[in-house]
Every structure is written in structure tokens, then in C-alpha cells.
Amino acid sequence: MEDKNLIRFKIALEKLPQGIIILDERKRIIFFNQKAQEILNLREDFLFKEIEEIKEIEELKPISEIFEKEIFKIFGKEIKIKEDLILRLSTFELKEDQEEIGTLIFFSDITREVSLERLKKEFIALAAHQLRTPISAAQWGISKILEEKIGPLNSKQKSYLEEILQTLQRLVKIIDDLLHTTKIEEGKILEKTQKFSLEAIVDYVLSLLGSEIAKKKINLEVNKPFNPLPPIQMDVEKIKLVVQNLLDNAIKYTRESGRIVISLEERSGKEILFSIKDNGIGIPEKEKERIFTKFFRAENAQKVEPSGSGLGLYVAKNIIEAHGGKIWFESKEGKGTAFYFTLPIII
Amino acid sequence: MSAKILIIEDEPFLRKVISDECREKGYFVEEAIEGKEGLEKLKKEKFDLVLLDLLLPGIDGFEVLAQIKKDPELSKTPVLILSNLGQKEEIEKGLKLGAVDYLIKAHVTPSEILEKIEKILAR
């Protein structure tokens, strides 16, 4: 019975879709499975050879270097074997009663994934640049016409051109969101953090979007505590983006002459709570779960604003969580929405 | 005497809009389409400011900037980068190489660029 189980283990290892190599305590290869053989061109005669001999084999060089050093410390490491072969590799120490009896090495071939990922990033960065250039040309030309540097405009021409310019600015915002999303997916969210005041960020974003608020005749209330809030360790550009995305949404999804209330408060010396409440269209119950999902846009939001990217809240959530904060919302369809986020105060 | 500006930009319409804007403000403008052409013009006559795009045919804007900063005759000429590359790495690289500022085309209007140019020239 025991023999039969041993055979079962052996077959299971043999057929695993990952490459497996087992070393003994002297770092000699005592087993490799089919996948390992396939990926690394291993041969039967490599078995039981001393490490010194293995090192001499050209195709095993990168692997034998791993055998030699830091062999127990590897988890999910990307290792380039040659130009067209990249592995994700982990190792695991085999112990019996504290005694080291060998090492398990397992890996998979991720060459294709790595090159696809690189292509995707290059494509997005290039597309962003290539898209921005013709948009800039249109933006610049229209701004000059709008400033009446080329000739006088009547009010209808002016308002049409203003609409076109705003549409182009929205397009630029979508491209920017897309770039931020790629950064987030590369794991590069926080680039440079410094101590900075969240109040100053709110003031900055309000100055940026003030004209939109005025244009929609929105009644804005900003509540800040009497004493200045402690500064927060943050990536300033990223937090600006979060506040801008939230205020942008509040303005977009609130009707003319609506109301927006922004509040900042310190909570038990541990964190700062930011909130932004509007009495706009709200988020439909059935769509609440997906609101932070990439590219998702609520049905009623699409009606009000057909050209959003569905990335603003996804980006915001990732940024806030990377700072160790939390982001959430309360909403009732047709009544309004309140978004909240916290950022920890680190002394 | 009015200030002299060199615009190195390969996109014809963008080049035209920004040159017109500069000329309207009374600046003397010279244009270059490629990095190499820009450097040649810089070596021939003195400019008060260079407006530099980054993605250019032939040698790119970063290389142009590096060469300007390496040349003792030119290194004091302020270089304002005006590009649609806008990743943090690129901005940092441009500033580190010695550009006075970095503007992203899609984020500014021609008047805002001119305001920036005036400020730099006033220094």
C-alpha cells in the first residue's frame, strides 16, 4: 500500500504543470519532473552530479548559481535564464526533525507574460503621447481663437468653442487616468512622499475647479477645524488627484444650484477624515458594489456624463490604500452621495 | 532689444501656434524641426531662451539639453521643456539635466506658455 502511495506522489510530481527540481543536502539533483525537463532541457545524466559539475553545464549556469547562494530565500523571483526564457522561481527547504535533507525548487515559464506586460506598458505610454499631441494641437488652436487673437467672435461661436475645448480637456483627463492606472498596476503608486497639509490640497483643488462650481451655481461649503490639522506623510500629486477626482464627480453628478459640503477633521489624533457630500443623482443600490472597479460606470452617471473613463474612483481607492488609509461612501439614488477617506497621521 | 527664442518642435501646427504667439508678444523667433538643426542654430547665434520638445526625429530633446548644458558657451541659456511626455521619470530627468521648467503640452494653453516664458526671461 505504501509503495502504491509513493508511486502516486511520484506521478503527481511528474505531471505537475510547474517545473520541479529536488536537491539533496549536498545540492545534487535527485529529481526533476517533465515540465522542468521541458523548460530547462534537463537530461537524465545530470542526476546525482555534484554542484561543481553542474556549474560547468552552460544551460544550467543561471540555475546552479541559485543552487549555490541564497537558495532558501527565494519566493516568486523573476529569473532570466537567457534572452527568450524567463522563470518565476521559488525554493523551499526540506527539513526532517530540524535536519536539512534537501531543497525543493519550483518554477514556471513566464517569458510570454513578461513580454506581453512590457508591450502593454509601452503601448499605453506611447498611445498616451501620440494621443496627446493631436489633442494639444486642437486645444492650442482653439484657445487662440477663443482669446480672439485671430479675430472677434460672436457669443454663440464663443460658447461652441468653449464646449469643444472642455471636451478636449476631458479627453486629456481620460488619458491621464489611463496612465495613472498603468502606474498602479506596475505597483508604482507612491513615488515621492513628504509631509504636507491636506487643507492646502483642498484649497488648491478648489482653485482649480472653482469656475466649474460657479458655472453650475453650486452652493459650496467647506468645513475646516479651527486649529490647523497636522501634516500627513503623502505623495502630494497623488492625493491632489484623489481630491480632484472626488470633487470632479461631485460637481458632475450634482444638478445646477445643488449643494456640496467638504469637511476635514482629525479623529482621535490618529487620522484625518476627509468627506465630500453632494445632493446629486446618487449611486443606484445594485451598482454600489462595483463602484471602485476599474472602468465601471454607473448607469445614471453615464447618462449625465457620457465620456468618463470609469477610472477616477479606481485610481483614488488605490492611492488612498497605498497611504494606509481607507475610502468608502454612502449614497441614495436621487438624494446624493457622500465619499469619505482617511489618511493616517504618522508622528 | 527684444528677446530671441529658439523653438525646437517637430509638429508643424504646434510649432506655428507657439511661434505666432511669441511673435505677437514681440519676441524674435527662430524655429528648428530636429534636435541637430536646433543645436546648429544655437551655435551660430545667441538665444535668450530655448523651447524644447522631447520626442524629436534624430537626436531627442534630452540629448539636445545635455549637449546645451555641456557647452560652456550655451550652458547658461535657459531651456524650457514643452512635451507631451509627462511621466514622473521623464519630468525628473528633464529637470535633472538642467531645464528651468517642464510643461506638458496637453495641460497648458499657448498664453500660459507665454506667461512662463516672460517669467523666465524676467529673471
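Residues numbered from 1 in each chain as written. Chains lettered and ligands numbered in written order. Predicted model: local features only at pLDDT ≥ 70, side-chain atom pairs only at ≥ 80, totals over all residues. Heavy atoms only, no water.

J.: Just to check I follow, could you spell out the overall build of chain A for this structure?
T.: If you tally the helices and strands in chain A, you get ten helices and twelve strands. Out of the 347 residues belonging to chain A, those deemed buried represent 44%. Contacts spanning at least 24 positions in sequence make up 58% of the contacts within chain A whose residues lie at least 6 apart. Accessible surface for chain A amounts to roughly 19,700 Å². Of this, 54% is attributable to carbon and sulfur atoms. (Helix = DSSP H or I, 4+ residues; strand = E, 2+ residues; numbered from the N terminus. Buried < 20%, exposed > 50% of the residue type's maximum accessible area, 1.4 Å probe, protein only. Contact = heavy atoms within 4.5 Å. Areas by Shrake-Rupley, 256 points an atom, 1.4 Å probe, with all protein chains shown as cover.)

J.: Just checking my understanding: could you explain the sheet that holds strand E5 (residues 101-104) of chain B for this structure?
T.: Paired through backbone hydrogen bonds, the strands of a sheet run either parallel or antiparallel to each other. Residue and element names in this part refer to chain B. Read across the sheet, five strands follow the order E2-E1-E3-E4-E5 without closing on themselves; strand pairing throughout is parallel. Unpaired on one side and paired on the other, strand E2 (28-32) and E5 mark the two borders of the sheet. Adjacent strand axes in the sheet meet at a mean angle of 20°, parallel and antiparallel pairs treated alike. Sheet topology places strand E1 (residues 4-8) next to E2; five bridges connect them, and they run parallel. Opposite isoleucine 7, over in E2, you have glutamate 31 as the bridge partner. On top of the sheet, helix H1 (residues 12-24) reaches E1, E2 and strand E3 (49-52); it is set at about 165° to E2, its chief contact. (Pairing = 2+ DSSP bridges. Axes fitted to C-alpha atoms, helices over the stretch in contact; angles between N-to-C directions.)

J.: Please explain the layout of surface pockets as it appears in this structure.
T.: Take a probe with the size of a water molecule and roll it over the atoms, and the empty space left behind shows itself. Residues and elements named next belong to chain A. Of the voids in this model, the second largest pocket is the one considered here, and its volume is about 180 Å³. Leu6, Phe9, Lys10, Leu13, Ile22, Ile30 and Phe31 together form the lining of the second largest pocket. Mapped onto the lining of the second largest pocket, the elements with two or more residues apiece are helix H1 (2-15) and strand E2 (29-32). The dominant element in the lining of the second largest pocket, judged by the number of residues it contributes, is H1, at four residues. (1 Å grid on protein atoms, 1.4 Å probe; cavity = no way out; pocket = protein on both sides within 12 Å on 5 of 7 lines; lining within 4 Å. Points joined across faces, edges and corners; volume = space filled by probe spheres on them.)

J.: Mind showing me how you'd approach a negative patch on the surface here?
T.: Side chains of A:Glu25, A:Glu96, A:Asp97 and A:Glu99 sit close together on the surface and give a patch of like negative charge. Relative to the assigned elements, A:Asp97 resides in the loop between strand E4 (85-96) and strand E5 (99-109). (Patch = residues over 30% accessible without salt bridge, like charges linked within 9 Å, V, L, I, M, F, W, Y side chains within 5 Å. Salt bridge = Lys/Arg side-chain N within 4 Å of Asp/Glu carboxyl O. Lys, Arg positive; Asp, Glu negative; His and termini not counted. Charge placed at Lys NZ, Arg CZ, Asp CG, Glu CD.)

J.: Can you walk me through the interface of chain B and chain A in this structure?
T.: Bring the parts together and some accessible area is lost; that lost area is often taken as the interface size. Listed as interface residues are 26 residues of chain B and, on the opposing side, 22 residues of chain A. For the pairing of chain B and chain A, the buried interface totals around 2,000 Å² over both sides, and the portion due to carbon and sulfur atoms is 55%. Counting the surface chain B buries against chain A, the share from its top three residues, B:Asn84, B:Lys88 and B:Ala106, is 26%. Taken together, the connections running from chain B to chain A amount to three salt bridges. Joining chain B to chain A, the criterion identifies eleven residue pairs in polar contact (both at pLDDT 80 or more). For the side of chain B that touches chain A, the elements supplying multiple residues, two or more each, are H1, helix H4 (88-96) and helix H5 (110-122) of chain B. Here the element with the most residues in the side of chain B that touches chain A is H1(B); it accounts for seven residues. (Buried area = accessible area lost by both parts, 1.4 Å probe. Polar contact = N/O pair within 3.5 Å; in protein donor to acceptor, adjacent residues only side chain to side chain.)

J.: Just checking my understanding: could you explain the sheet that holds strand E7 (residues 219-223) of chain A for this structure?
T.: All names here are of chain A. Ordered in space as E7-E9-E10-E12-E11, the five strands form an open sheet in which the pairing is mixed. On the outer flanks of this sheet lie E7 and strand E11 (326-332), each paired with one strand and no other. Strand after strand, the sheet turns through a mean of 10° between neighbouring axes, direction not considered. Inspection of the sheet shows E11 paired to strand E12 (residues 336-344) by seven bridges, in the antiparallel sense. Its bridge partner lying in E12, glutamate 330 is registered against alanine 338. Lying on the sheet, helix H8 (residues 236-252) is in contact with strand E9 (259-267), strand E10 (271-278) and E12; it crosses E10 at an angle near 20°.

J.: Help me understand empty space enclosed by the protein, please; the structure alone is not making it clear to me.
T.: Residues and elements named next belong to chain B. Enumeration over the complete set of coordinates arrives at two cavities of 30 Å³ or more. The space that makes up the largest cavity amounts to roughly 50 Å³. Counting only elements with at least two residues in the lining of the largest cavity, the list comes to E1, H1 and E3. For the lining of the largest cavity, the leading source of residues is H1, giving three residues. Grouping the amino acids of the lining of the largest cavity by side-chain chemistry returns eight nonpolar, no polar and three charged. (Nonpolar A, V, L, I, M, F, W, Y, C, P; charged D, E, K, R; others polar.)

J.: I keep staring at the pairing of strand E4 (residues 79-83) of chain B and nothing clicks. Help me out?
T.: As a general feature of sheets, a regular strand has side chains that alternate between the two faces. Residue and element names in this part refer to chain B. Counting buried residues along E4, five of its five residues qualify, which places the element largely inside the surrounding structure. With three bridges connecting them, E3 and E4 associate as parallel partners. What sits directly across from leucine 51, in E4, is leucine 80. You can see the chain leave E3, run along helix H3 (residues 61-70) and come back into E4, and the turn it takes is right-handed. Across four bridges, E4 lies against E5 in parallel orientation. (Right-handed = clockwise from strand over helix to strand, strands pointing away.)

J.: Explanation requested: the environment of A:Ser257 in the structure shown.
T.: Residue and element names in this part refer to chain A. Within the secondary structure, serine 257 sits in the loop between H8 and E9. On the basis of relative accessibility, which here comes to 51%, the residue serine 257 falls in the exposed class. Beyond its immediate sequence surroundings of up to four residues, serine 257 is in contact with Lys216 and Lys217.

J.: What exactly am I supposed to notice about unusual backbone geometry here?
T.: Both trends apply: most residues other than glycine have a negative phi, and most peptide bonds are in trans. Residue and element names in this part refer to chain A. One non-glycine residue with positive phi stands out, namely lysine 217, at about 55°. In this structure, lysine 217 sits in the loop between helix H7 (198-215) and E7. At serine 268, a position not held by glycine, the phi torsion is positive, near 45°. Considering the arrangement of structural elements, one finds serine 268 in the loop between E9 and E10.

J.: Mind showing me how you'd approach the packing of helix H5 (residues 111-146) of chain A against H1(B) here?
T.: When two helices pack together, you describe them by how their axes are tilted relative to each other and by the distance separating the axes. At a minimum axis separation of 9 Å, H5(A) and H1(B) run at an interaxial angle of 30°. In the crossing of H5(A) with H1(B), the sense of the turn from one axis to the other is left-handed. The segment H5(A) lies against H1(B), with A:Thr133, A:Ser136, A:Ala137, A:Trp140, A:Gly141 and A:Lys144 engaging B:Phe13, B:Leu14, B:Val17, B:Ile18, B:Asp20, B:Glu21 and B:Glu24. Across the contact of H5(A) with H1(B), the residue classes tally to six nonpolar, three polar and four charged. (Left-handed = near helix turned anticlockwise from the far one by under 90°.)

None of the figures reported here should be taken as evidence of function without further support.
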